[in-house]
Amino acid sequence: MMLGTVTDAICTDPAGQYVDATFGRGGHSGALLARLDATARLLVLDRDPAAIVAAEALAAADTRVTVAHARMSDMANQVRAARLNRVVGIMMDLGVSSPQIDDPERGFSFRFDGPLDMRMDNSSGMSAADWLNTAPESEIAQVLREYGEERHARRIARAITSRRQEQPLRRTHELVEVVSSAQPRPDPHKHAATRVFQAVRIQINDELGELARTLDSAFGVLAPGGRLAVISFHSLEDRIVKRRFQRWVQG
């Protein structure tokens with residue numbers, strides 16, 4: 001349903017130039033390419049090395065596709081490098097992908113035990129373990145409260161800093177144990193670590209800052225009459241997107 005809605009929204013010119021700013025495993029790109037002519041161009045971006053492997057396989061089979069291992073906020077630079085001069089459609093699917101969640105080695109899920117990583121680009125930057133083992137208690141509490149809307153943010157942050165004094169957190173299930181022990185009244189309808197894992201992931205990948213920068217970049221890249229479609233999954237992302245759109249409409 002959502003796949004068709006997005007491609008319907010942005011595919012205004014079968015021979016046009018397009019950008020998939022969050023390639024993932026190529027579901028949206030594949031659907032869009034099926035609707036485009038042989039002269040169309042599609043630039044795909046992703047900062048996940050595993051996604052780039054899939055993107056390069058697609059590009060090897062389809063000469064319309066250009067691949068860039070880059071953050072979505074670097075869209076303007078990548079559009080110039082790809083020599084695109086009239087982008088008529090851009091799509092973005094925010095958040096973490098199913099392959100990332102289902103791979104224990106990535107550390108995104110509280111369901112599997114694995115390294116406490118959570119980086120979208122696991123070839124660079126600070127991991128979740130690095131941040132949780134070094135950040136001040138007040139910073140951890142603020143992140144859990146703002147990005148995870150976690151009611152027990154202070155209690156959990158205190159438990160994390162207390163635990164790391166005994167032994168650094170290195171595994172996802174170690175974080176789950178700490179969070180579960182710090183929850184005074186577990187929610188029977190939601191796993192105790194759901195909000196914490198979301199908040200830490202957003203912090204590690206600067207997802208909200210990245211989104212804001214990407215929206216500004218996309219607005220500058222689009223040709224007159226071009227369209228931008230964004231799929232968001234929680235209120236923090238949704239708020240940023242809606243406010244940007246409202247600002248643009250108001251001129």
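If you're wondering where the values come from, they're calculated on a predicted model, not measured in any experiment.

Caption draft 1: Looking closely at the overall build of the chain. Scanning the chain from N- to C-terminus turns up twelve helices and five strands. The C-alpha atoms of the chain give 20 Å as radius of gyration, which agrees with the globular expectation for 251 residues (18 Å, within 12%). Taken along its principal axes, the extent of the C-alpha atoms in the chain is 60 × 40 × 30 Å. Within the chain, buried positions represent 49% of all 251 residues. If you sum the accessible surface of the chain, you get close to 12300 Å²; carbon and sulfur atoms cover 49% of it.

Caption draft 2: A look at the nonpolar core. Among the nonpolar cores identified, the biggest contains 29 residues, and Leu-132, Leu-175 and Val-200 are the most heavily contacted of them. Those elements that provide at least two residues to this core are helix H6 (128–132), helix H7 (137–148), helix H8 (153–166), helix H9 (172–182) and helix H10 (194–205). Here Leu-132 is in contact with Leu-116, Ile-140, Ile-160, Arg-164, Leu-169, Leu-175 and Val-200, once residues within four sequence places are set aside. Met-72, Ala-212, Leu-215 and Ile-240 belong to the second-largest nonpolar core, a separate cluster that totals 27 residues.

Caption draft 3: Just H7, in detail. Taking 1.5 Å as the rise per residue, H7 with twelve residues should run 16 Å; its terminal C-alpha atoms sit 16 Å apart, in good agreement. Buried within H7 we find Ile-140, Ala-141, Val-143, Leu-144 and Gly-148. Projected down its long axis, H7 carries its buried residues within an arc of 160°, all on one side. Where H7 is buried, its residues touch H6, H8 and H10. Glu-149 lies just past H7 and shows a positive phi near 50°.

Caption draft 4: Focus on the environment of Asp-20. Examined against the element boundaries, Asp-20 turns out to sit in strand S1 (residues 17–20). Non-local contacts of Asp-20, meaning those with residues more than four positions away in its chain, are made with His-28, Ser-29, Leu-42, Leu-43, Val-44, Leu-45 and Met-91.

Caption draft 5: Representation of the packing of H7 against H8. Where H7 meets H8, the axes come as close as 8 Å, and the angle between the chain directions of the two elements is 140°. Put simply, H7 runs oblique to H8. In this structure, H7 meets H8 at a crossing whose hand is right-handed. Between H7 and H8, the contacting residues are Glu-137, Ile-140, Ala-141, Leu-144 and Arg-145 on the first element and Ala-153, Arg-154, Ile-156, Ala-157, Arg-158, Ile-160, Thr-161 and Arg-164 on the second. Of the residues that constitute the contact of H7 with H8, the class distribution is seven nonpolar, one polar and five charged.

Caption draft 6: Expanded view of the pattern of salt bridges. Tallied over the full model, the rule gives 14 salt bridges. A salt bridge links Asp-62 to Arg-64; the shortest N-O distance between them is 2.8 Å. No difference in accessibility class separates Asp-62 from Arg-64, as the two residues are buried. Note that Arg-247 and Asp-216 form a salt bridge whose closest N and O atoms lie 3.5 Å from each other. Of this pair, Arg-247 sits in helix H12 (residues 235–250) while Asp-216 sits in helix H11 (residues 207–221), placing them 31 residues apart in sequence. Look at Asp-216 and you get partly exposed, because its relative accessible area is 37%. Among the charged side chains, a salt-bridge network with shared partners connects Arg-71, Asp-206, Glu-210 and Arg-213.

Parameters and conventions
Residues numbered from 1 in each chain as written. Predicted model: local features only at pLDDT ≥ 70, side-chain atom pairs only at ≥ 80, totals over all residues. Heavy atoms only, no water. Helix = DSSP H or I, 4+ residues; strand = E, 2+ residues; numbered from the N terminus. Rg over C-alpha atoms; globule rule 2.2 N^0.38 Å. Buried < 20%, exposed > 50% of the residue type's maximum accessible area, 1.4 Å probe, protein only. Areas by Shrake-Rupley, 256 points an atom, 1.4 Å probe, with all protein chains shown as cover. Core = buried A, V, L, I, M, F, W, Y, C linked by side-chain atoms within 4.5 Å. Contact = heavy atoms within 4.5 Å. Expected span 1.5 Å × (residues − 1). Arc of directions from axis to C-beta. Axes fitted to C-alpha atoms, helices over the stretch in contact; angles between N-to-C directions. Parallel < 35°, antiparallel > 145°, perpendicular 65-115°, else oblique. Left-handed = near helix turned anticlockwise from the far one by under 90°. Nonpolar A, V, L, I, M, F, W, Y, C, P; charged D, E, K, R; others polar. Salt bridge = Lys/Arg side-chain N within 4 Å of Asp/Glu carboxyl O.

In short, the description is geometric, and any link to function would need to be established separately.
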